[in-house]
Amino acid sequence: MSKSPITCHVLDSSTGKPAEGVFIRLQQLEVSKDGGPDIFHPLAKGETNADGRCLDLLPPAGSELALKEKTDLVAGQTYKMIFRTKEYFDRTNRRSFYPWVEITFVIENPQEHYHIPLLISPYSFTTYRGS
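Residues numbered from 1 in each chain as written. Predicted model: local features only at pLDDT ≥ 70, side-chain atom pairs only at ≥ 80, totals over all residues. Heavy atoms only, no water.

It is worth spelling out the pattern of salt bridges at this point. Scanning all chains against the criterion turns up six salt bridges. For Asp12, the salt bridge identified is with Arg94, shortest N-O distance 2.6 Å. Of this pair, Asp12 sits in strand β1 (residues 6-12) while Arg94 is found in the loop between α2 (85-91) and β7 (101-106), placing the two residues 82 residues apart along the sequence. (Salt bridge = Lys/Arg side-chain N within 4 Å of Asp/Glu carboxyl O. Helix = DSSP H or I, 4+ residues; strand = E, 2+ residues; numbered from the N terminus.)

Set out below in structure tokens:
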């Protein structure tokens, strides 16, 4: 079985463990052609598993479902992943400063796999382009 062309892995660096149950939303940017506001539109949603991973955010690239739902990635297109971290920290009885983390990125090659790791703690986060 093929996996989503965009995957992520969320680790809680304050505990050294995967962050299970983090809600994720993927959005796609629509750039205004008439000078109006640019708008991000919902494309997919998911949740991290017990290993802190979300591997099924989108249907596999080129699949019948991807074509039907129009979720194949587009070269030069801007996307944004939103990780709802506050709910995760609330469930673990910890305060946090950031209610969510937004990671905006541009797809250069739709045939490549895009993996987005996110390290979180109650008062910080970091990310990078994974493989």
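Still to come is the rest of the account.
The next subject is unusual backbone geometry. Most of the time, phi is negative for any residue but glycine, and the peptide bond is trans. If you check the backbone angles, Asn93 has positive phi at about 55° while not being a glycine. Along the chain, Asn93 turns up in the loop between α2 and β7. The exposure class assigned to Asn93 is exposed, which follows from its relative accessible area of 73%. (Buried < 20%, exposed > 50% of the residue type's maximum accessible area, 1.4 Å probe, protein only.)

By the alternation rule, side chains of β7 split into Val101, Ile103 and Phe105, which are all buried, and Glu102, Thr104 and Val106, of which none is buried. Here six bridges tie strand β6 (residues 78-84) to β7, and the two strands are oriented antiparallel to one another. For Tyr79, the partnering residue across the bridge sits in β7 and is Phe105. (Pairing = 2+ DSSP bridges.)

A separate point is a nonpolar patch on the surface. A cluster of nonpolar side chains, contributed by Phe97, Tyr98, Tyr123 and Phe125, occupies part of the molecular surface with about 440 Å² of accessible area. Locating Phe125 in the fold gives a position in strand β9 (residues 124-127). Its relative accessible area of 37% is what places Phe125 among the partly exposed residues. (Patch = residues over 30% accessible without salt bridge, like charges linked within 9 Å, V, L, I, M, F, W, Y side chains within 5 Å. Areas by Shrake-Rupley, 256 points an atom, 1.4 Å probe, with all protein chains shown as cover.)

All right, on to the nonpolar core then. Grouped together as the largest cluster of nonpolar side chains are 25 residues, with contacts concentrated most on Ile6, Leu26, Leu57, Met81, Phe83 and Phe105. Secondary-structure elements contributing two or more residues to this core are β1, β3 (23-30), β6, α2, β7 and β8 (114-121). Ranked by residue count, the leading element in this core is β8, at four residues. Not counting residues up to four positions away in its chain, the partners in contact with Leu26 are Ile6, His41, Pro42, Leu43, Ala44, Leu57, Leu58, Tyr79, Lys80, Met81 and Phe105. (Core = buried A, V, L, I, M, F, W, Y, C linked by side-chain atoms within 4.5 Å. Contact = heavy atoms within 4.5 Å.)

Right, let's get into the packing of aromatic side chains. Tallied over the full model, the rule gives four aromatic pairs. Taken together, a centroid distance of 5.0 Å and an interplanar angle of 70° make the contact between Tyr88 and Phe89 edge-to-face. With respect to burial, Tyr88 and Phe89 carry one shared label: buried. The positively charged end of Lys80 is found above the aromatic ring belonging to Phe40, 4.1 Å away from the centroid. (Phe/Tyr/Trp six-rings, centres within 6.5 Å; stacked < 30°, edge-to-face > 60°. Lys NZ or Arg CZ within 6 Å of the ring centre and 35° of its normal.)

Along the chain, Thr127 falls in strand β9. When neighbours within four sequence positions are excluded, Thr127 is seen to be in contact with Ile103, Ile116, Pro117 and Leu118. Among the polar contacts made by the side chain of Thr127, one reaches the main-chain carbonyl oxygen of Pro117 at a distance of 2.6 Å. (Polar contact = N/O pair within 3.5 Å; in protein donor to acceptor, adjacent residues only side chain to side chain.)

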